[in-house]
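# Coordinate analysis (summary)
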Amino acid sequence: MIVTIDGVAASGKSSVASGVARALGIPYVSSGLLYRAATLLGLEAGLPLHQAAALLAHLQGNSLRLEPRAEGNRVWAGERELTLELHSSRVDAGVSAVAALPEVRAWVDAQLRALPEPFVAEGRDMGTTVFPHAEAKFYLTASPRVRAERRAKERPEDVPVIEAALTERDRLDTVQSAPAPDAQVIDTGPLTLEGVIEEVLASVRAPLA
Ligand SMILES: Nc1ncnc2c1ncn2[C@@H]1O[C@H](COP(=O)(O)OP(=O)(O)OP(=O)(O)O)[C@@H](O)[C@H]1O
Ligand SMILES: Nc1ccn([C@@H]2O[C@H](COP(=O)(O)O)[C@@H](O)[C@H]2O)c(=O)n1
């Protein structure tokens, strides 16, 4: 079984995916972490982020690997763990350029499709491109202000600065961020995190009842 959870930046995808995965007793898979790790390694190596061939060779040379777990995904470059370095504002600012490269997208998609089922996959194009045959699909939204207020609890920047960065990332990610036609769209704005998780679980479990 594959459940996909897509949505705009900071809409709650990874928190919801983790909660749903824990309730179902399966891992979740954060596709965004692979794009973030590719960006971090590219920045550290001083590579121009639009040069796909050099970036891909660097990723492969560093044995980049995602470890999916229900409590939180981890990302490794060989023996070095990158996980805690992937949510900086610097990575946020560069990641959409890396994610726009078709060669990098194909590399990420291949990593994801090689993972053993079952899992919950979260990102932008999980329900459309990567796992179009998923059993259940969801798409999370919320206003930019609500998302920025939530994210401000995790970042040093002020709400307006965070809101501007989120809105810009949404714009740059537009191409790969359309909801699947068969996805259930959830506006998380008026809901608690637990409320969103319950709504997803109710839909996932309905066909099994
Ligand atoms: N329904 C909700 N109510 C309140 N807070 C929420 C809700 N959903 C998520 N949050 C909080 O919003 C923040 C962003 O959530 P999360 O990191 O899961 O989003 P994301 O979509 O995975 O982000 P990104 O796209 O940047 O990876 C977190 O602090 C999370 O706890
Ligand atoms: N399926 C995906 C997932 C992510 N991206 C790109 O990665 C960035 C970071 O993702 P988060 O989920 O951690 O926000 C995101 O802004 C996209 O540029 C993607 O293209 N496709």
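To keep things clear, this report deals only with the structure shown in the data block.

Analysis parameters
- Per chain, the residues get numbers from 1 upward, laid out in the order the sequence is written.
- Note on labels: chains are lettered from A, ligands numbered from 1, in written order.
- Per-residue local features are limited, in this predicted model, to residues with pLDDT of at least 70; the limit for side-chain atom pairs, both in listing and counting, is 80 or more; totals at the level of whole chains, interfaces and linings are taken over all residues.
- To obtain the side-chain values, all non-hydrogen atoms of the structure were used and water was disregarded.
- Here, any two strands with at least 2 DSSP bridges between them count as paired.
- Labels follow the DSSP assignment, with helices taken as runs of H or I lasting at least four residues and strands as runs of E lasting at least two, numbered in each case from the N terminus.
- In this analysis, the expected span of each helix is defined as 1.5 Å times one less than the number of residues it contains.
- We call a residue buried when its accessible area falls under 20% of the maximum for its residue type, exposed when it is over 50%, and partly exposed in between, using a 1.4 Å probe and counting protein chains only.
- The reported arc concerns the directions from the helix axis to the C-beta atoms and nothing else.
- Geometry of aromatic contacts follows a simple scheme: Phe, Tyr and Trp rings, the Trp one being its six-membered ring, pair when their centres are within 6.5 Å, and the pair is stacked under 30 degrees between planes, edge-to-face over 60, tilted otherwise.
- Throughout, the term near means that a residue has one or more heavy atoms lying within 4 Å of the molecule or strand in question.
- Throughout this description, a polar contact denotes any pair of N or O atoms lying within 3.5 Å of each other; where both atoms belong to protein, one of them has to be capable of donating a hydrogen while the other can accept it, and for residues adjacent in sequence the pair is counted only when both atoms sit in side chains.
- In these tables, accessible area is a Shrake-Rupley quantity obtained with a 1.4 Å probe, and a residue counts as shielded only by the protein chains included in the view.
- Three categories are distinguished: nonpolar for Ala, Val, Leu, Ile, Met, Phe, Trp, Tyr, Cys and Pro, charged for Asp, Glu, Lys and Arg, and polar for the others, with Gly belonging to the last.
- Axes here refer to lines fitted to C-alpha atoms; in helices the fit is confined to the stretch in contact. Angles between the N-to-C directions go from 0 to 180 degrees.
- Contacts are assigned to residue pairs with any non-hydrogen atoms lying within 4.5 Å of each other.
- We count Lys and Arg on the positive side and Asp and Glu on the negative side, and we leave His and both chain ends out.
- By salt bridge we mean one thing: a side-chain nitrogen of Lys or Arg within 4 Å of a carboxyl oxygen of Asp or Glu.

## Digging into the sheet that holds strand β3 (residues 64-67)
Here we have 3 strands laid out as an open sheet, ordered β3-β4-β5, and antiparallel in their pairing. Since the sheet does not close on itself, it has two edges, and those belong to β3 and β5 (80-81), each with one partner.

## Quick look at helix α8 (residues 159-172)
Under the 1.5 Å per step criterion, the end-to-end length of α8 is 20 Å for 14 residues, consistent within 8% with the ideal 20 Å. Where α8 is concerned, the buried positions are Val159, Ile162, Glu163, Leu166, Arg169 and Asp170. All buried residues of α8 project into a common sector of 130 degrees when viewed along the axis, lining one side. Facing away from the buried side of α8 by more than 90 degrees, the exposed set consists of Pro160 and Arg171.

## As for the packing of aromatic side chains
For the structure shown, the criterion picks out 1 aromatic pair. With 5.3 Å between their ring centres and 65 degrees between their planes, Phe119 and Phe131 make a pair best called edge-to-face. Within this pair, whereas Phe119 is found in strand β6 (residues 119-123), its partner Phe131 is found in the loop between α6 (126-130) and β7 (136-141), the two being separated by 12 residues in sequence. You can call Phe119 buried: its relative accessible area is 2%.

## Side note on the site of ligand 1
Lining the immediate environment of ligand 1, one finds 19 residues, of which Lys13, Ser14, Ser15, Arg151 and Glu154 sit closest. In the environment of ligand 1, an oxygen atom lies 2.4 Å from a nitrogen or oxygen atom belonging to the side chain of Arg151. Relative to its unbound accessible area of 640 Å², ligand 1 is 82% covered by the protein chains. Counting residues per element, the ones that place at least two in the shell around ligand 1 are α1 (13-24), α7 (144-151) and α9 (193-205). Of all the elements, α1 adds the most residues to the shell around ligand 1, at 3 residues. Its residues assigned to classes, the shell around ligand 1 shows 6 nonpolar, 6 polar and 7 charged.

## As for the sheet that holds β7
Pairing within the open sheet is parallel, and its 5 strands lie in the order β2-β6-β1-β7-β8. Every other strand in the sheet has two partners, leaving β2 (28-30) and β8 (184-187) as the edge strands with one partner each. Mean inter-strand twist for the sheet, computed between neighbouring axes without regard to direction, equals 20 degrees. Contacts from α1 reach β1 (2-7), β2, β6 and β7, with the element oriented near 175 degrees to β6.

## Thoughts on the pairing of β1
Among the 6 residues that make up β1, 6 are buried, leaving the element largely enclosed by the rest of the structure. Of the strand pairs in this sheet, β1 and β6 are connected by 5 bridges, and their pairing is parallel. The residue of β6 that forms the bridge with Thr4 is Ala121. Across 5 bridges, the pairing between β1 and β7 is parallel. Paired with Val3 across the bridge in β7 is Ala136.

## Quick look at the side chain of Glu122
Locating Glu122 in the fold gives a position in strand β6. Buried charge without a salt bridge: Glu122, with Lys13 as the nearest opposite-charge side chain at an N-O distance of 4.9 Å. Within the local environment of Glu122, its side chain forms a polar contact with the side chain of Ser30, the two groups lying 3.0 Å apart. Look past the residues within four positions of Glu122 in its chain and what remains in contact with it is Ile5, Lys13, Ser14, Ala17, Tyr28, Val29, Ser30, Ser31 and Gly32.

## Brief notes about the environment of Leu101
Looking at the element boundaries, Leu101 is found in the loop between α4 (89-99) and α5 (102-113). In this structure Leu101 comes out as buried when scored by relative accessible area, which is 10%. It is 8.4 Å that separates the C-alpha atoms of Leu101 and Gln51, two residues lying 50 residues apart in sequence. Excluding its chain neighbours within four sequence positions, the residues that come into contact with Leu101 are Leu49, His50, Ala52 and Leu55.

## Concerning the pairing of strand β4 (residues 74-77)
With 4 bridges connecting them, β3 and β4 associate as antiparallel partners. Across the sheet, residue Leu66 finds its bridge partner in β4, namely Val75. Counted along the chain from β3 to the antiparallel partner β4, the turn is 6 residues long, and its residue Gly72 has a positive phi close to 150 degrees. The antiparallel pairing of β4 with β5 creates a hairpin that spans 2 residues between the two strands, and Gly78 there sits at a positive phi of about 60 degrees.

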